[in-house]
Amino acid sequence: MSFSSGSNEGSSYVLLVVNKGDETLGIVDPQMGQQIATVAEGGTTGHEVVASPDGKTAYVPIYGNSGVGKPGTDGRTMVAIDIASRKVVGNVDFGHGVRPHCAVIGPKDGMLYVTTELDKSISIIDPKTLKIVGTIPTGQPESHMLAITPDGKRGYTANVGPGTVSVLDMENRKTITVIPVSGEVQRIAVSTDGKLAFTSDQTKPQLVVIDTASNKVKTWIPLPAAGYGTATTPDGRWLVVAVRTANKVAIVDLGAMKVAKLIDVPTAPQEALVRPDGKIAYVSCDASHKVAAIRTSDWTVEKLIDAGPSADGLAWAGR
């Protein structure tokens, strides 16, 4: 399979989706719009995934059998999956239950940064050795999701139950400050220029916009219902927001700081991912076993991709 995208012509790409319901990583051919394979994670259960920069390996933290802050098992591992052979080829053991959740590749150092919720920290993993090489404290419980600025210097965690965002010094591995946001938040993203961070208020239907220079809330953007996963387009113009309980995707104009378009999608949209070329936004729809592929040129659903049960985390893997 190949996917042509400007200077990347001739490269091979796949879309990865974590199917929580059957504990698998789904591999989707984006041209066909079909899930062509699944890989058993060997644990209960992954929620999120990230791909190595060379597109060869997927990393899936094994979180547990419950939602954030809820009773259940406490995952303690992360698996490495070879995408070509569709096999688990490595494992990270955190040594005790930490509910590892969101994995992010450092944009400058190439390290793996993984939220380890129960330790109130980010664990740093060398992807070459799969060894834990350090930690960064978040100063808050339920640090569920992480976003890193493009220069690799700052990290932001959405701390769900406390309703806060921790600002992290990624180079010196320390917490800079904790920003109060609301009674509960979910998900986090940063703008393409690193000047803004976005999280979704779960107590009111609004998106919270944080100024990363001042580390203060800059503004709130009204949504039709509580938002969830977010992703920016590469040109920095738009923010894609999954609006889970409304079964919609909101497209926020970041110049005007308001919702410009609402798109109907299948039940329970969760996570948003914009393809590197900016042409397609993918939104996983948990209760529907679907991933919506949305054209950014006219913000129309181009196709619905059949995925596994409780489709959640998304990643783009390509060379």
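Above this text sits the structure in question.
Below you will find a few notes about this structure. Remember, it's a predicted structure, so these values are computed and weren't measured experimentally.

In spatial order, the strands read β20-β21-β22-β23; together these four strands make up an open sheet with antiparallel pairing. Every interior strand has two partners, whereas the edge strands, β20 (230-232) and β23 (258-264), have only one. Averaged over all neighbouring strand pairs, the angle between strand axes comes to 20°, with direction disregarded. When strand β22 (residues 248-253) meets β23, the two strands line up antiparallel, connected through six bridges. The partner of Val252 across the bridge, within β23, is Val259.

Here the focus is the environment of Val28. Tracing the chain through its elements places Val28 in strand β2 (residues 24-29). For Val28, a relative accessible area of 0% puts it in the buried group. When neighbours within four sequence positions are excluded, Val28 is seen to be in contact with Val14, Leu15, Val17, Gln34, Gln35, Ile36 and Ile305.

Next up on the list: the nonpolar core. Of all hydrophobic cores here, the largest spans 25 residues; its most connected members are Tyr113 and Leu146. Those elements that provide at least two residues to this core are β8 (100-105), β10 (121-126), β12 (143-148), β13 (154-159), β14 (164-169), β16 (185-190) and β18 (206-211). With residues near it in sequence (within four places) discarded, Tyr113 still touches Cys102, Ala103, Val104, Gly106, Ile122, Ser123, Ile124, Ile136, Leu146, Ile148 and Met170.

This next bit is on the side chain of Thr157. For Thr157, the location among the structural elements is in strand β13. One polar contact links Thr157 to Asn159, side chain to side chain, over a distance of 3.0 Å. Each residue touching Thr157, except ones within four places of it in the same chain, is listed here: Ile122, Thr138, Ser143, Met145, Leu146, Thr164, Val165, Ser166 and Leu168.

This part covers the pattern of salt bridges. On inspection of all chains with the given rule, the structure shows 13 salt bridges. Its salt-bridge partner being Arg295, residue Asp298 comes within 2.8 Å of it at the nearest N-O pair. Classification of Asp298 by relative accessible area gives partly exposed; the value is 34%. On the basis of relative accessibility, which here comes to 26%, the residue Arg295 falls in the partly exposed class. Through salt bridges that share partners, Lys20, Glu48, Arg187, Glu271, Asp286 and Asp312 make up one connected network.

One open sheet holds the four strands; their spatial order is β8-β9-β10-β11, and the pairing between them is antiparallel. Each edge of the open sheet carries a strand with a single partner, namely β8 and β11 (131-137). Within this sheet the neighbouring strands show an average axis-to-axis angle of 25°, counted without direction. One ladder, built from six bridges, connects β10 with β11; its direction is antiparallel. Looking at β11, one finds that Ile122 is bridged to Ile136.

In this section: unusual backbone geometry. Cis peptide bonds are those with omega within 30 degrees of zero, and the linkage from Thr44 to Thr45 qualifies with -25°. Among the structural elements, Thr45 can be located in the loop between β3 (34-40) and β4 (50-51). In this structure, Arg86 takes a positive phi of about 60° despite not being glycine. Here Arg86 shows up in the loop between β6 (77-82) and β7 (87-93).

With respect to the element layout, His144 can be found in strand β12. The residues touching His144, leaving out its near neighbours within four places in the chain, are Tyr63, Val68, His101, Cys102, Thr115, Glu117, Ala158, Val160 and Gln186.

About the criteria used
Residues numbered from 1 in each chain as written. Predicted model: local features only at pLDDT ≥ 70, side-chain atom pairs only at ≥ 80, totals over all residues. Heavy atoms only, no water. Pairing = 2+ DSSP bridges. Helix = DSSP H or I, 4+ residues; strand = E, 2+ residues; numbered from the N terminus. Axes fitted to C-alpha atoms, helices over the stretch in contact; angles between N-to-C directions. Buried < 20%, exposed > 50% of the residue type's maximum accessible area, 1.4 Å probe, protein only. Contact = heavy atoms within 4.5 Å. Core = buried A, V, L, I, M, F, W, Y, C linked by side-chain atoms within 4.5 Å. Polar contact = N/O pair within 3.5 Å; in protein donor to acceptor, adjacent residues only side chain to side chain. Salt bridge = Lys/Arg side-chain N within 4 Å of Asp/Glu carboxyl O.

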